[in-house]
Protein chains: 10
Amino acid sequence: MDRNQVTQKIVTAKVSKKMTWAQIAERVGQSKEWTTAAMLGQMTLTAKQAAAAQELFELTDEETLWLQIVPYKGSLPTPVPTDPLIYRWYEIVSVYGSTIKELIHEEFGDGIMSAIDFKMDIQRQADPNGDRVNVMLSGKFLPYKTY
Amino acid sequence: MDRNQVTQKIVTAKVSKKMTWAQIAERVGQSKEWTTAAMLGQMTLTAKQAAAAQELFELTDEETLWLQIVPYKGSLPTPVPTDPLIYRWYEIVSVYGSTIKELIHEEFGDGIMSAIDFKMDIQRQADPNGDRVNVMLSGKFLPYKTY
Amino acid sequence: MDRNQVTQKIVTAKVSKKMTWAQIAERVGQSKEWTTAAMLGQMTLTAKQAAAAQELFELTDEETLWLQIVPYKGSLPTPVPTDPLIYRWYEIVSVYGSTIKELIHEEFGDGIMSAIDFKMDIQRQADPNGDRVNVMLSGKFLPYKTY
Amino acid sequence: MDRNQVTQKIVTAKVSKKMTWAQIAERVGQSKEWTTAAMLGQMTLTAKQAAAAQELFELTDEETLWLQIVPYKGSLPTPVPTDPLIYRWYEIVSVYGSTIKELIHEEFGDGIMSAIDFKMDIQRQADPNGDRVNVMLSGKFLPYKTY
Amino acid sequence: MDRNQVTQKIVTAKVSKKMTWAQIAERVGQSKEWTTAAMLGQMTLTAKQAAAAQELFELTDEETLWLQIVPYKGSLPTPVPTDPLIYRWYEIVSVYGSTIKELIHEEFGDGIMSAIDFKMDIQRQADPNGDRVNVMLSGKFLPYKTY
Amino acid sequence: MDRNQVTQKIVTAKVSKKMTWAQIAERVGQSKEWTTAAMLGQMTLTAKQAAAAQELFELTDEETLWLQIVPYKGSLPTPVPTDPLIYRWYEIVSVYGSTIKELIHEEFGDGIMSAIDFKMDIQRQADPNGDRVNVMLSGKFLPYKTY
Amino acid sequence: MDRNQVTQKIVTAKVSKKMTWAQIAERVGQSKEWTTAAMLGQMTLTAKQAAAAQELFELTDEETLWLQIVPYKGSLPTPVPTDPLIYRWYEIVSVYGSTIKELIHEEFGDGIMSAIDFKMDIQRQADPNGDRVNVMLSGKFLPYKTY
Amino acid sequence: MDRNQVTQKIVTAKVSKKMTWAQIAERVGQSKEWTTAAMLGQMTLTAKQAAAAQELFELTDEETLWLQIVPYKGSLPTPVPTDPLIYRWYEIVSVYGSTIKELIHEEFGDGIMSAIDFKMDIQRQADPNGDRVNVMLSGKFLPYKTY
Amino acid sequence: MDRNQVTQKIVTAKVSKKMTWAQIAERVGQSKEWTTAAMLGQMTLTAKQAAAAQELFELTDEETLWLQIVPYKGSLPTPVPTDPLIYRWYEIVSVYGSTIKELIHEEFGDGIMSAIDFKMDIQRQADPNGDRVNVMLSGKFLPYKTY
Amino acid sequence: MDRNQVTQKIVTAKVSKKMTWAQIAERVGQSKEWTTAAMLGQMTLTAKQAAAAQELFELTDEETLWLQIVPYKGSLPTPVPTDPLIYRWYEIVSVYGSTIKELIHEEFGDGIMSAIDFKMDIQRQADPNGDRVNVMLSGKFLPYKTY
């Protein structure tokens, strides 16, 4: 058994039970963004969060244990993603990557925006020209250490 | 001559003149995010914007023309970026890519978040635990056409 | 269970039942191009379209649900396709890619031709020198946003 | 000297002389699609076509000779293109590749749509919801030989 | 079920029945080159050819149907083949590729040698210094269309 | 200086002097296939062959020496060739590779067809349905040594 | 069934029966180097050699037949091997590759050292500073054919 | 300046002065294998060895200094070498890699054959069936440390 | 059966028995670093170490034998790791690789730091600004042999 | 001008002036590890540090400015390094990567060891069996944020 099999089981259960990620998140007690990442095998659950998942998805005790093991992360099958929705994000990194680098360095100096001390919020913004997806990314700035 | 040479000249001039991207953006009359992308060879300038760049960076008339030609986009030298700041964004796509996909589809159905009808805003948020980089991405949702 | 297994089942049923994509499309009520893509796991079906597929291919209720879940898109096993028919299309992108870019920009300015708000029509054109495959691609032009 | 240098010179001259591909095509006497591909180093010119280019771009005799040499084709710097406009075409091949294959085989049997005995026509279609790029591709069907 | 499974079954049957490709080709009624390619999942059989294969390899009706479906072609597991015999052919393309290109263009002008309207014949030539493999490749020349 | 520079010079001279490979081969005293490969930097010339090339292309003595040094072979810029004419040969290896392997082993047992003790002959065959390119490849069979 | 399955069975049997490759080689009647390569699916056995393997590893008749079929060669899962022992050999090719090329050409002229008419012998050499692995590689020199 | 430029200069001088690697090695005072690797930019020379090279190749003092700097090693332009002579060595690693691993482990246990405490000797062996290249590789066995 | 299956079984047993690597190491009698690597299929166990593992994880005798076979090493699924924790180590090699090379050569001359005669110690260091991971790597320096 | 050119100039000056990294570090006023990384184009210098470098390497004012610009990081030419010393570090990541991951997670929970709030110390340890390279890596542990 490994975490991928638990992920597969959760995704299959979600489809057959017609649950939404928002409903699952409410039951797990975290944001929909973190909860979805966790259910898709990218985050580690506490015992309490895992128990909520166990109940929702009818997991065995062993499967529930696996949710509490730190997973090998990375949710995409290829270095350059083929799925159009995900590719647009890769394209943003490709086209705007140097811009993001320049502007963060201009404001903060040498360092990075953390992808670990990080949170994300995805919202719909109504717009008469077509609704928009608004995504707020927030990561702690970590300066390079000089020694 | 090609656009890369103009980009190289602009970046070199920016360093020797000690300008910031924010200052350049004010002169060009657009946001700092769009202006930086444009100066780094990813966007196309209007004649007026190009004239502002010409004055700032002492470009020749031919170089100024090149700023108005649509560039071949993509600002990174390798498919998986080696620079740590930019890699963290690639990592966000890798770790959270499937999450982003699930949540946008849950809210909007099948389609994508546009990287063309798109804007980005990068801000510093003061935080006693270490300041944070906040990035707002906003892209129009485009539903898949059924026919 | 995942969408790939449903795709496999549909393709196998199509072979053993000797159906054509045109016949399937008529039953699903969409064009043969969209229907084939959907049956091959690239598009999302409505409940009604999925019900038509269920009847045609004798799918279970769970399999029918999966047809209504947005799939992870990308239908080819390698970045450069090995199949000669599909490779010719890759070759068109390789040889004519810069031409297509130049001519669309010349007509429309900076932006893209959408692959989402997009449709395709494949027709046979009789020709005494050998019949021709005529393909009409139609995508909305999306201009880059300036901000 | 090689063909790439001539291509570079032509592209640079086109920018500084502010010509359009349509104007160039008229002078060369072919469609704008073929002419653009030829000027970008993908097609071979006849002596007469090359002479037209020589006059337009002030080429030397040796440069004009190179236009009549069959080039090493392929106009993109990476197997998966980074430019968003060209990527959308790659995405069409990725998402719709298996569909195109199925439908052409359904109509014609085993074989390919030629990318050599091939022509392309790119048109703007006015549309109140946003103008569309319409592209007609026409390639001779070549059946696999049995022996 | 898919074509690969039928190919696997055929290859396994050929080994246990100790048939040669030449014998199989005689039963299928085509050359040994075309027949081998077809049996290895690269060509499409007619109903009559498939019936011969069904009898030879004791295929089910469904497996026999799959032989008549156009396969996804490409018979090698990696872009650069690791098997020494096949690598030598890759090496011929690598070392002599530019030579072949030059000589065909010198004789025919711009275009390609078809790999579709194509046939191949493999023969042993006795030679006191060691027998030779002689391979005749014959492909129709297809000139690039000008338009 | 290296061999590539000599190759570049030869190719440039060939274009400006409007020579054919067949004419060059006659002067060098070998087949057009071997001579073209040699001039394109894939083969090593004898002093006498190099002297013929020196005269034809007005090479310096040092350049002439380089023609007699064994080159680093491989004439293509990418593992999968982008040029359509050369790609068709790659496709033949991809589609027919397993067939070639099977048939040579059936006739000769385990071993390879040499790409070193190898010769190639390219001919035009007139054909009312379109002329054909006929290529004869001849390589010594080398059996695997058992020890 | 395929050759890989037979290889897996042989390797598993070797472990559970605690045989050494040297013992196996003695039973097969060839060197330990050739025998190991053959058992690992890289060489073709004669009927007599296969019979020895059948007895040793308790193979079925069908499995024994597969040992006499020429395998698809290549024993490593990635182009650059990750296993440290095998990587050191890859490193020798990477660091000394150009040296080996120069010295063989200096002694023999243009051509290759055959990897087919080839043998290998691996020996332990006692050494007070730590024992050494001595490997003798012997390959026939094959000169490039001029034609 | 960097080491590659010095390597280029040495190789060019060797060609124009018609020296052999064996002659150079004698002057440098080391084996022909080590000396060739060093001259090709893979090894570090002592002051005395560098002085010999300086005299032989008429190097400047600065170029001579670079020969004493440890180089960034790796002598091949691609991960899978295209040159046929070097490829045969890559093929030996590919085909025999698992065999070499098995036999060294059988004799020595877990560890590697060093490519650092390593030497190589390349010899011609006369043979009536065609002379052979004999290569002796000798590397210290390094056992994995347990801790 | 192969080593991967044993690794899978051990990892699964560790999760369901809620053991730590430190506890396992104590039972095996080696450091936690070496023991973890060994249990994850990267090191070879002695009969005694394997017996301890057998008892802990309830392995069969055959599984226990596999722990004593030298494994094919390499614990990551892709050349560039996607997991963020492991990527940071890849990043250290990418960013600091040239620095490490320079400083080791400055101190020791040409050679390498062994990854075989190597040990590693991972410790937590309490720190009011956030605890730190301290890793000590120790590898024997191996000078390049001159010959 | 770009940072690479400044790096090239510094490295060349270091060779011709026969300075060590330790001496340079003393002048710059930081550790030898950080200073070497900075001089090799991986870190950003303060004005004061840059002034020290300017004096040492006789840099122009513009070159000195570039040392204070955040560089695009990544010091290696290929994803898998070919240099043996650096490869051994890549191998440590490959072989021990999963071990490092397990042990850090066992001690700290889910998160990473920072490569930004990070320092490194490289020391020689005398050892009668051959001196050892000891490297201490210290990175702050960053726990994954839950939200």
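Each value, and the rule that gives it
Residues numbered from 1 in each chain as written. Chains lettered and ligands numbered in written order. Predicted model: local features only at pLDDT ≥ 70, side-chain atom pairs only at ≥ 80, totals over all residues. Heavy atoms only, no water. UniProt positions renumbered as here; feature names shortened; annotations may be inferred. Helix = DSSP H or I, 4+ residues; strand = E, 2+ residues; numbered from the N terminus. Buried < 20%, exposed > 50% of the residue type's maximum accessible area, 1.4 Å probe, protein only. Areas by Shrake-Rupley, 256 points an atom, 1.4 Å probe, with all protein chains shown as cover. Lys, Arg positive; Asp, Glu negative; His and termini not counted. Charge placed at Lys NZ, Arg CZ, Asp CG, Glu CD. Contact = heavy atoms within 4.5 Å. Buried area = accessible area lost by both parts, 1.4 Å probe. Salt bridge = Lys/Arg side-chain N within 4 Å of Asp/Glu carboxyl O. Polar contact = N/O pair within 3.5 Å; in protein donor to acceptor, adjacent residues only side chain to side chain. Pairing = 2+ DSSP bridges. Domains from an automatic or database assignment. Nonpolar A, V, L, I, M, F, W, Y, C, P; charged D, E, K, R; others polar. Axes fitted to C-alpha atoms, helices over the stretch in contact; angles between N-to-C directions. Least-squares fit on C-alpha atoms with pLDDT ≥ 70 in both. Phe/Tyr/Trp six-rings, centres within 6.5 Å; stacked < 30°, edge-to-face > 60°. Lys NZ or Arg CZ within 6 Å of the ring centre and 35° of its normal.

Chain A has the name Cyanate hydratase in an unreviewed UniProt entry, where Herbaspirillum aquaticum is given as its organism. On record in UniProt, under Catalytic activity (unreviewed entry), the comment for chain A is "cyanate + hydrogencarbonate + 3 H(+) = NH4(+) + 2 CO2". Chain A has a UniProt comment under Sequence similarities (unreviewed entry) that states "Belongs to the cyanase family."

J.: Explain the overall build of chain A to me, please; I cannot follow it from the model alone.
T.: In terms of helices and strands, chain A carries six helices and two strands. Along the chain direction, N to C, the helices and strands of chain A fall in the order α-α-α-α-α-α-β-β. Along the longest, intermediate and shortest principal axes, the C-alpha atoms of chain A span 50 × 50 × 30 Å. Out of the 147 residues in chain A, the part that is buried amounts to 62%. On chain A, roughly 5300 Å² of surface is accessible, and the fraction owed to carbon and sulfur atoms is 50%. Taken as two groups, the 16 positive and 18 negative side-chain charges of chain A have centres that lie 3 Å from each other.

J.: How should the interface of chain F and chain E be read in this particular structure?
T.: Think of interface size as the accessible area that goes away when the parts come together; that is how it is often given. With 68 residues of chain F at the interface, the matching set in chain E holds 68 residues. For the pair chain F and chain E, the summed buried surface comes to about 6600 Å²; carbon and sulfur atoms form 67% of the total. When the buried area of chain F at its contact with chain E is split by residue, F:Leu85, F:Tyr96 and F:Val133 rank highest and sum to 11% of it. Inspection of the chain F/chain E interface yields six salt bridges. The partner of E:Asp117 in a salt bridge is F:Arg132, with the nearest N and O atoms 3.0 Å apart. One can count 34 residue pairs in polar contact (both at pLDDT 80 or more) joining chain F with chain E. Sorting the residues of the side of chain F that touches chain E by element identifies helix H2 (21-28), helix H3 (32-39), helix H6 (84-108), strand E1 (111-125) and strand E2 (132-143) of chain F as the ones contributing at least two each. Looking at the side of chain F that touches chain E, the element that brings in the most residues is H6(F), giving 24 residues. Relative to E2(F), strand E2 (residues 132-143) of chain E runs antiparallel, the two sharing nine bridges.

J.: Where do I start with the arrangement of the chains in this structure?
T.: At the C-alpha level, the nearest point of chain A lies 16 Å from chain E, with no contact between them. With no contact formed, the shortest span from any C-alpha in chain B to any C-alpha in chain G equals 18 Å.

J.: I keep staring at the UniProt feature "domain: Cyanate lyase C-terminal" (unreviewed entry) in chain A and nothing clicks. Help me out?
T.: In this structure's numbering, the residues bearing the UniProt feature "domain: Cyanate lyase C-terminal" (unreviewed entry) are residues 75-147 of chain A. Between the C-alpha atoms that bound residues 75-147 of chain A there is a distance of 35 Å. The span itself is 34% helix and 37% strand.

J.: Would you take a moment to explain the UniProt feature "active site" (unreviewed entry) in chain A for this structure?
T.: All names here are of chain A. Residues given the UniProt feature "active site" (unreviewed entry) here are Arg-88, Glu-91 and Ser-114. Within the fold, Arg-88 resides in helix H6 (residues 84-108). For Arg-88, a relative accessible area of 1% corresponds to the buried category. Here Ser-114 shows up in strand E1 (residues 111-125). Filtering out sequence-adjacent residues up to four positions away, Ser-114 remains in contact with Gly-139, Lys-140 and Leu-142. Within the structure, the side chain of Ser-114 is placed 2.9 Å from the backbone nitrogen of Ile-116, a separation counted as a polar contact.

J.: Sorry, what's going on with the domain arrangement of chain A here?
T.: All names here are of chain A. Split by domain assignment, chain A resolves into domain 1 (3-66), domain 2 (76-109) and domain 3 (111-147). Placing a centre on the C-alpha atoms of domain 2 and another on those of domain 3 gives a separation of 12 Å. Taken together, the contacts link five residues of domain 2 with five residues of domain 3. A per-residue breakdown of the area domain 2 buries against domain 3 is headed by Trp-89, Ile-104 and Phe-108, which together make up 78% of the total. Counting the contacts that link domain 2 with domain 3 gives zero salt bridges. Across the domain 2-domain 3 interface, the total number found is one residue pair in polar contact (both at pLDDT 80 or more). Considering only residue class, the side of domain 2 that touches domain 3 consists of three nonpolar, two polar and no charged.

J.: Before we go on, may I ask you to explain the interface of chain A and chain B in this structure?
T.: On the side of chain B, 68 residues touch chain A, which itself brings 68 residues to the contact. Both sides together, the interface formed by chain A and chain B hides about 6600 Å², and carbon and sulfur atoms give 67% of it. Between the two partners, chain A and chain B, sit 34 residue pairs in polar contact (both at pLDDT 80 or more). A per-class count over the side of chain A that touches chain B returns 34 nonpolar, 17 polar and 17 charged.

J.: Quick question: what am I supposed to make of the sheet that holds strand E1 (residues 111-125) of chain E here?
T.: Ordered by their spatial adjacency, four strands build an open sheet running E1(E)-E2(E)-E2(F)-E1(F), and the pairing between neighbours is antiparallel. Lying at the two open borders of the sheet, with one neighbouring strand each, are E1 of chain E together with E1 of chain F. Taken over all neighbouring pairs, the strand axes of this sheet differ in orientation by 20° on average, direction set aside.

J.: What is the right way to read the relation of the copies chain F and chain E from this model?
T.: Mapping between the two chain copies consists of a rotation about an axis together with a translation along that axis. Mapping chain F onto chain E is achieved by rotating through 180° and translating by 0.0 Å along the same axis, at an RMSD of 0.0 Å. With respect to symmetry, the two chain copies, as superposed, fit the operation of a two-fold axis. No C-alpha of chain F approaches the rotation axis more nearly than that of F:Met136, which lies at 2.2 Å. Looking at the interface residues of chain F, 100% of them are also at the interface in chain E, so both copies use one shared face.

J.: Help me understand the sheet that holds strand E2 (residues 132-143) of chain H in this model?
T.: Strand-to-strand pairing in sheets goes through backbone hydrogen bonds, with the strands running parallel or antiparallel. If you trace the four strands from one edge of the open sheet to the other, you get E1(G)-E2(G)-E2(H)-E1(H), paired in antiparallel fashion. Lying at the two open borders of the sheet, with one neighbouring strand each, are strand E1 (111-125) of chain G together with strand E1 (111-125) of chain H. Each strand of the sheet is rotated relative to its neighbour by a mean of 20°, with strand direction disregarded. Where E1(G) and strand E2 (residues 132-143) of chain G come together, 11 bridges link them in antiparallel fashion. Its bridge partner lying in E2(G), G:Phe118 is registered against G:Gly139.

J.: How should the pattern of salt bridges be read in this particular structure?
T.: Pairing between side chains of opposite charge can happen when the charged atoms of each approach one another. Considering all chains together, one arrives at 110 salt bridges over all chains under this definition. Two residues, C:Arg27 and C:Glu55, come together in a salt bridge whose shortest N-O distance is 3.8 Å. Pair noted here: C:Arg27 is in helix H2 (residues 21-28) and C:Glu55 is in helix H4 (residues 47-57), with a separation of 28 residues, a long-range link. When its relative accessible area of 60% is taken as the criterion, C:Glu55 is described as exposed. Among the salt bridges present, the one from H:Glu63 reaches H:Lys9, with a minimum N-O distance of 2.8 Å. One end of the pair, H:Glu63, is in helix H5 (residues 61-66); the other, H:Lys9, is in helix H1 (residues 3-17), with 54 residues separating them in the sequence. By relative accessible area, which is 10% here, H:Glu63 ends up buried.

J.: Honestly, the packing of aromatic side chains in this entry has me stumped. Any pointers?
T.: Both the distance between ring centres and the angle between the ring planes are used here to describe each pair of aromatic rings. All chains considered together, the criterion is met by 40 aromatic pairs over all chains. Where D:Tyr87 meets D:Tyr90, the ring centres are 5.6 Å apart and the plane angle is 45°; that geometry is what we call tilted. With D:Tyr87 and D:Tyr90 both in helix H6 (residues 84-108) and three residues apart, the pair spans about one turn of that helix. Each of the two residues, D:Tyr87 as well as D:Tyr90, counts as buried. Seen from their ring centres, H:Phe108 and H:Phe141 are 4.6 Å apart, and the 20° between their planes marks the pair as stacked. Of this pair, H:Phe108 sits in helix H6 (residues 84-108) while H:Phe141 is found in strand E2, placing the two residues 33 residues apart along the sequence. This pair shows no difference in class: H:Phe108 is buried, exactly as H:Phe141 is. Residue placement shows B:Arg124 over the ring face of A:Phe108; its charged tip is 4.2 Å from the ring centre.

J.: Got a minute to help me understand helix H3 (residues 32-39) of chain C in this structure?
T.: Note on helix geometry: an α-helix contains 3.6 residues per turn, so any two residues three or four positions apart are oriented the same way. Residue and element names in this part refer to chain C. Burial of H3 is extensive: seven of the eight residues sit out of reach of the surface. For H3, the full list of buried residues reads Glu-33, Trp-34, Thr-35, Thr-36, Ala-37, Ala-38 and Met-39. Count one or two residues on from H3 and you reach Gly-41, which has phi positive near 85°.

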